[in-house]
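# A closer look at the structure
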Amino acid sequence: MPKGYNRTQISLHWVLFIIIIAQFVFHEGIADAWEKMSKGAEVAFSPLVAAHVFGGLLALVLVLWRISVRLKRGAPELPAEDSGITKLAAKGTHLGLYALMILMPISGAVAWFGGVEAAANGHAVMKFAMIALVTLHVVAALYHQYMLKNGLLKRMMKADQD
C-alpha cells in the first residue's frame, strides 16, 4: 500500500471535484431544457446545456481513469486510530461516490439522448445522494485534519513520491 496519493490521483480528485460542483451550480439550463422537451417543445442550442452534457461525459471518463489508477496503484490505508465503524463508513462513502460518479453521467446521457423519463428521475434522485455523500466526505476530511489533527487532508494536497 502506498503511503499517499500520487500526482495523477490528486489531480483527478480535484478536477472531478470542480466538475461536480460546476454540474450542480450550472444545472438550471439543462433542467429547463428537459422540462421544455418533456412537454414536446423544441429546444434551441444552449451553451449551458452543452456544458452540462459534456461536463458529465468528461466526469465519467475521468472517474473511470481514477478507478483504473486506484486499482493499479492502490490507495493509502485509512488512519490506524480510526474505529472499525469509521473505516467502514469511509469505505462505504468512497464506494458510493464512485458509484454515483459513474451512474449519474450514464443516467443523464440516457435521459438526454434517449428521452427516458425513468433515467431522468433516477438522475434527480442521485443528485441528492451525491450532495449528501460529498458533504459527508468533506466534513469527515476536515474533522480528521482539524479535530483529530492526523494530517489526512494533506494526503490529497501533496503527492507521494512514486
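This text follows the structure it describes.
All values reported here derive from a predicted model rather than from experimental measurement. (Residues numbered from 1 in each chain as written. Predicted model: local features only at pLDDT ≥ 70, side-chain atom pairs only at ≥ 80, totals over all residues. Heavy atoms only, no water.)

This part covers helix α2 (residues 28–38). All buried positions along α2 are accounted for by Gly29, Ile30, Ala33 and Trp34. Taken down its axis, α2 places every buried residue within 130° of arc, on the same side. Here the buried face of α2 lies against α3 (47–73), α4 (84–114) and α5 (117–147). Looking one or two places after α2, you find Gly40, whose phi comes out positive at around 85°. (Buried < 20%, exposed > 50% of the residue type's maximum accessible area, 1.4 Å probe, protein only. Helix = DSSP H or I, 4+ residues; strand = E, 2+ residues; numbered from the N terminus. Arc of directions from axis to C-beta. Contact = heavy atoms within 4.5 Å.)

Interaxial distance between helix α1 (residues 7–25) and α5 falls to 12 Å at its minimum, and their mutual angle equals 135°. Relative to α5, the element α1 is oriented oblique. Both α1 and α5 take part in a crossing whose hand is left-handed. Along the contact surface, α1 presents His13, Ile20 and Phe24, while α5 presents Lys127, Met130, Ile131 and His137. Its residues assigned to classes, the contact of α1 with α5 shows four nonpolar, two polar and one charged. (Axes fitted to C-alpha atoms, helices over the stretch in contact; angles between N-to-C directions. Parallel < 35°, antiparallel > 145°, perpendicular 65-115°, else oblique. Left-handed = near helix turned anticlockwise from the far one by under 90°. Nonpolar A, V, L, I, M, F, W, Y, C, P; charged D, E, K, R; others polar.)

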